[in-house]
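Take a look at the letters that make up each chain.
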Amino acid sequence: MQATIYHNPACGTSRNTLAMIRNAGIEPTVIEYLKTPPSLRELKAMIADAGMTVREAIREKGTPYTELGLDDPALSDDQLLEAMMREPILINRPFVSTPLGTRLCRPSEVVLDILPDSHKGAFTKEDGEKVLDQAGRRIV
């Protein structure tokens, strides 16, 4: 199965998501979006395919979101997208696309919704939270 992750290696959620994809036996295309941001067309498609609004796809924490006045509800989607293109750190992460769909994987286990049931055993997130049992089944 093909998979693409828009990844930030400094982000624990992104690292956990990447590790879960690999635990499913998939080696994804990894795009470090801060170095290689998506095009405007790609960004719009990712957001739409994930069933999100542009505002839902903006990252506030650890970004210039407030300083840029992006909390203004009067701003249009085009204005928000323009800011995300200028400052890729404003793009929430990690977005993952597979043939089964596109998701913003926050929390990281959201990625399981778009992966096959081919996990290679247990998976525990960096913080110690168990996500998959020894048989590769989701722990609820």
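Everything that follows concerns the structure shown earlier in this document.
Thresholds applied
- Residues numbered from 1 in each chain as written.
- Predicted model: local features only at pLDDT ≥ 70, side-chain atom pairs only at ≥ 80, totals over all residues.
- Heavy atoms only, no water.
- Pairing = 2+ DSSP bridges.
- Helix = DSSP H or I, 4+ residues; strand = E, 2+ residues; numbered from the N terminus.
- Axes fitted to C-alpha atoms, helices over the stretch in contact; angles between N-to-C directions.
- Contact = heavy atoms within 4.5 Å.
- Salt bridge = Lys/Arg side-chain N within 4 Å of Asp/Glu carboxyl O.
- Buried < 20%, exposed > 50% of the residue type's maximum accessible area, 1.4 Å probe, protein only.

Account for the sheet that holds strand β1 (residues 4–7), naming residues and giving values.
Ordered by their spatial adjacency, four strands build an open sheet running β2-β1-β3-β4, and the pairing between neighbours is mixed. Since the sheet does not close on itself, it has two edges, and those belong to β2 (29–32) and β4 (101–104), each with one partner. In this sheet, neighbouring strand axes are inclined to one another by 15° on average, regardless of whether the strands run parallel or antiparallel. Relative to β2, β1 is paired through four bridges, and the arrangement is parallel. Bridged to His7 within β2 is Glu32. Contacting β1, β2 and β3 (95–98), helix α1 (residues 12–23) runs over the sheet at an angle of about 160° to β1.

Could you give an account of the pattern of salt bridges, naming the residues involved and the relevant values?
The final tally for this structure, using the stated rule, is eight salt bridges. Between Glu82 and Arg86 there is a salt bridge, with its nearest N and O atoms 2.9 Å apart. Of this pair, Glu82 and Arg86 both sit in helix α3 (residues 77–86), four residues apart, which is roughly one turn of the helix. For Glu82, a relative accessible area of 48% corresponds to the partly exposed category. We classify Arg86 as exposed; its relative accessible area is 51%. For the salt bridge of Asp113 with Arg138, the shortest nitrogen-to-oxygen distance reads 2.9 Å.

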